[in-house]
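Topology and contacts: notes
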Amino acid sequence: MAKTPVIYAVSDSIGETAESVVKATTSQFVQEKFDIIRVPYIKDAQQVEKILEEAKESGGIVCYTIVSPELREHIMQKAMELDVEVIDVLGPMLKAIEKTSGLLPKNQAGLIHALDHEYFKRVEAIEFAVKYDDGKNPLGLLKADVVLIGVSRTSKTPLSMYLAHKQLKVANVPLVPEIAPPEELFKVPPHKIIGLLIDPFKLNEIRSERLKTMGLSDGANYADVRRISEELEYAKAIMRRVHCKIINVSNRAIEETAGIILDYVQKNRDRNI
């Protein structure tokens, strides 16, 4: 019977790429179960030699993603000495790009997994948007970079999430005639508040579709044009009271509205520098 080899997924980073290549390859041999050993954070020749000697003893294969040219060369030389089968995943691609473009690689391990300051700011902003969505916690209004206000179905939540990916901390508050806005809203600086308005007939269409997806009649008060008009008049009154910027989102994609907000935020930041 054929013996399935132990396969070492070796890397100078976390080894995820090497292991993925191995798994993708071994999946083609459905009748066998392979023993895959991930060996991350390889830094020197001694570590390489130890793995290759293990592979020699077990009749294994070494698949590696190493960015250091010197370490890759050492692996190849040592593998030839020991007669061990090795596969260089990154080397040929690095050489091809360098030859074709004339560019030199950075040869820094783990760049694809780098968690820099920008990444953490984005994660923090997304967590903020979830925590302070739909007026859940009024205390977040005073911590936000942007506060979105508007009636239901004016894209407050998707806008909050889109802006969060741009590293803005966004809270949003629904405006409903029967429910007074939180007092914290009136303490937020006007330039941080964005009011979202929409054409009543456009909103009627959106809400009617929403009711249908919920299995409810589109004749409900929620989608009634007169009720919508009342809500919008109430929202306008609140927006005038807080002296905020107003954007009509009737025929705008989320990206377009977000672009207007981002430009507005940047202008206010430049003004305050």
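Look a little higher up for the structure.
My aim in this report is to walk through the structure given alongside it, one point at a time. Note that the structure is predicted; figures quoted are calculated from it, not measured.

So, on to the packing of aromatic side chains. One pass over the full model with this rule turns up two aromatic pairs. Ring geometry for Phe29 and Phe34: centres 5.9 Å apart, planes at 65°, overall edge-to-face. Given the relative accessible area of 42%, Phe29 is considered partly exposed. One residue, Arg207, lies across the ring of Tyr222, its end atom 4.5 Å from the ring centre. The ring centre of Phe186 lies 3.8 Å from the NZ or CZ of Arg241, which sits over that ring.

Another aspect to go through is the side chain of Asp133. Its location among the elements puts Asp133 in the loop between α5 (117-131) and β5 (146-150). Despite being buried, Asp133 has no salt bridge partner; Lys136 is the closest side chain of opposite charge, sitting 4.6 Å away. A polar contact is formed between the side chain of Asp133 and the side chain of Thr157, at a distance of 2.7 Å. Filtering out sequence-adjacent residues up to four positions away, Asp133 remains in contact with Thr157 and Asn172.

Another point: the packing of helix α2 (residues 45-58) against helix α3 (residues 69-82). Following both chains from N to C, one finds α2 and α3 inclined at 30°, their axes separated by 10 Å at the closest point. On the basis of the axis angle, α2 is roughly parallel to α3. As α2 packs across α3, the resulting crossing turns out to be right-handed. Facing α2, whose interface residues are Ala45, Val48, Glu49, Leu52, Glu53 and Lys56, α3 presents Leu71, His74, Ile75, Lys78, Ala79 and Leu82. The residue inventory of the contact of α2 with α3, partitioned by class, reads seven nonpolar, one polar and four charged.

End to end, α2 covers 20 Å across 14 residues, agreeing with the expected 20 Å (1.5 Å per residue, within 8%). Residues Val48, Ile51, Leu52 and Ala55 constitute the buried set of α2. Looking straight down α2, one finds its buried side chains confined to an arc of 100°; they lie on one side. Structural note: α2 exposes Gln46, Lys50 and Glu57 on the side pointing more than 90 degrees away from its buried face. If you follow the buried residues of α2, they end up packed against β1 (7-11), β2 (36-39), β3 (61-65), α3 and β4 (85-88). Capping of α2 at its N-terminal end is provided by Asp44; its side-chain oxygen lies 3.2 Å from the backbone amide nitrogen of Gln46.

A few words now on the pattern of salt bridges. Tallied over the entire structure, the rule returns 12 salt bridges. Across the pair Lys169 and Glu124 runs a salt bridge whose closest N-O atoms are separated by 2.9 Å. Taken together, the residues Lys169 in the loop between α6 (156-164) and β6 (170-174) and Glu124 in helix α5 connect sequence positions 45 residues apart. Glu124 sits in the partly exposed class, given a relative accessible area of 40%. Linking Lys212 and Glu209 is a salt bridge whose minimum nitrogen-to-oxygen distance equals 3.6 Å. With Lys212 and Glu209 both in helix α7 (residues 200-213), this residue pair falls three residues apart, about one helical turn.

Thresholds applied
Residues numbered from 1 in each chain as written. Predicted model: local features only at pLDDT ≥ 70, side-chain atom pairs only at ≥ 80, totals over all residues. Heavy atoms only, no water. Phe/Tyr/Trp six-rings, centres within 6.5 Å; stacked < 30°, edge-to-face > 60°. Buried < 20%, exposed > 50% of the residue type's maximum accessible area, 1.4 Å probe, protein only. Lys NZ or Arg CZ within 6 Å of the ring centre and 35° of its normal. Helix = DSSP H or I, 4+ residues; strand = E, 2+ residues; numbered from the N terminus. Lys, Arg positive; Asp, Glu negative; His and termini not counted. Salt bridge = Lys/Arg side-chain N within 4 Å of Asp/Glu carboxyl O. Polar contact = N/O pair within 3.5 Å; in protein donor to acceptor, adjacent residues only side chain to side chain. Contact = heavy atoms within 4.5 Å. Axes fitted to C-alpha atoms, helices over the stretch in contact; angles between N-to-C directions. Parallel < 35°, antiparallel > 145°, perpendicular 65-115°, else oblique. Left-handed = near helix turned anticlockwise from the far one by under 90°. Nonpolar A, V, L, I, M, F, W, Y, C, P; charged D, E, K, R; others polar. Expected span 1.5 Å × (residues − 1). Arc of directions from axis to C-beta.

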